[in-house]
Amino acid sequence: GEDVEQSLFLSVREGDSSVINCTYTDSSSTYLYWYKQEPGAGLQLLTYIFSNMDMKQDQRLTVLLNKKDKHLSLRIADTQTGDSAIYFCAEALTGFQKLVFGTGTRLLVSP
Amino acid sequence: DSGVTQTPKHLITATGQRVTLRCSPRSGDLSVYWYQQSLDQGLQFLIQYYNGEERAKGNILERFSAQQFPDLHSELNLSSLELGDSALYFCASSGTSYEQFFGPGTRLTVL
């Protein structure tokens, strides 16, 4: 079945690294995504990873995928106050492009 | 700016009414998706259209319908509105890649 889980809240200090975790249940997931949602705004695509990859790095963002454990993480290096937002992971299943979203993790960055 | 536009930004209406939400995809994108974001259900996929044809259906109520026009814009029609239909409605579009780009959303309030 389709189920994506995330912890609800993460608080870090400016300059620290943030790690947001996600677990998914469907082994037929092809692509996994991270989106950012700021208050009152839409969803901004941050990065995505194909299921045959273990890691993807894009500037301050590092995505790690453990397919065996169905675990995805997003690491934000040198976290800034502007990174405060809700972060959603999502999976796309084979044959479909619809996205199944997690519950979202609210990241709070304090100065 | 994702390139996906949605109108209106806000919509306030009464129970039992019917509304139409409009979405223009990014230039060249053939696929349009509709999602609903509510506090109790989170982000849920409603329906996908590809080049005018319905491609996939999610948790879309029978009171809701959508279509995609020859110019590729899409409309989501919500009828017999109930209080529980109050939510943010997002449209997303994608082209040949698996990236989905989201619009800013329409906030629907049913009183």
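The shown structure was predicted, so the numbers you read here are calculated from the model rather than taken from an experiment.

## Structural notes on the packing of aromatic side chains
Reasoning step 1: Using the criterion set out here, one finds 15 aromatic pairs over all chains in the structure.
Reasoning step 2: Taken together, a centroid distance of 6.0 Å and an interplanar angle of 80 degrees make the contact between F101(A) and F102(B) edge-to-face. Residue F101(A) is found in strand β10 (residues 99-101), and its partner F102(B) is found in strand β10 (residues 101-102); the two belong to separate chains. Of the two residues, F101(A) and F102(B), both sit in the buried class.
Reasoning step 3: Chaining the aromatic ring pairs together yields one cluster made of Y31(A), Y33(A), Y35(A), Y48(A), F50(A), F88(A), F101(A), Y35(B), F45(B), F90(B), Y98(B) and F102(B).
Reasoning step 4: Cation over ring: K56(A) sits above Y48(A), and NZ or CZ is 4.2 Å from the ring centre.
Reasoning step 5: The lysine or arginine in question, R55(B), covers the ring of Y50(B), its NZ or CZ lying 4.5 Å from the ring centre.

## A few points about the pattern of salt bridges
Residue and element names in this part refer to chain B.
Reasoning step 1: Within the structure shown, the criterion is met by 6 salt bridges over all chains.
Reasoning step 2: Residue E75 is joined to R22 by a salt bridge in which the shortest nitrogen-to-oxygen separation is 4.0 Å. Placement of the pair is E75 in strand β8 (residues 74-78) and R22 in strand β3 (residues 19-24), with a sequence separation of 53 residues.
Reasoning step 3: Residue class for E75 comes out buried when judged on its relative accessible area of 19%.
Reasoning step 4: The shortest N-O distance in the salt bridge between E82 and R63 comes to 3.7 Å. With E82 in the loop between β8 and β9 (87-94) and R63 in the loop between β6 (53-57) and β7 (64-68), this pair connects stretches of sequence that are 19 residues apart.
Reasoning step 5: Overlapping salt bridges bring together R63, E82 and D85 as one network.

## Let's talk about the nonpolar core
Nonpolar side chains tend to gather and get buried jointly when the protein is soluble and globular.
Reasoning step 1: The biggest cluster of nonpolar side chains holds 42 residues, and the ones touching the most others in it are F101(A), W34(B) and Y35(B).
Reasoning step 2: At 6 residues, β9(B) tops the list of elements feeding residues into this core.

Parameters and conventions
- Residues numbered from 1 in each chain as written.
- Chains lettered and ligands numbered in written order.
- Predicted model: local features only at pLDDT ≥ 70, side-chain atom pairs only at ≥ 80, totals over all residues.
- Heavy atoms only, no water.
- Phe/Tyr/Trp six-rings, centres within 6.5 Å; stacked < 30°, edge-to-face > 60°.
- Helix = DSSP H or I, 4+ residues; strand = E, 2+ residues; numbered from the N terminus.
- Buried < 20%, exposed > 50% of the residue type's maximum accessible area, 1.4 Å probe, protein only.
- Lys NZ or Arg CZ within 6 Å of the ring centre and 35° of its normal.
- Salt bridge = Lys/Arg side-chain N within 4 Å of Asp/Glu carboxyl O.
- Core = buried A, V, L, I, M, F, W, Y, C linked by side-chain atoms within 4.5 Å.

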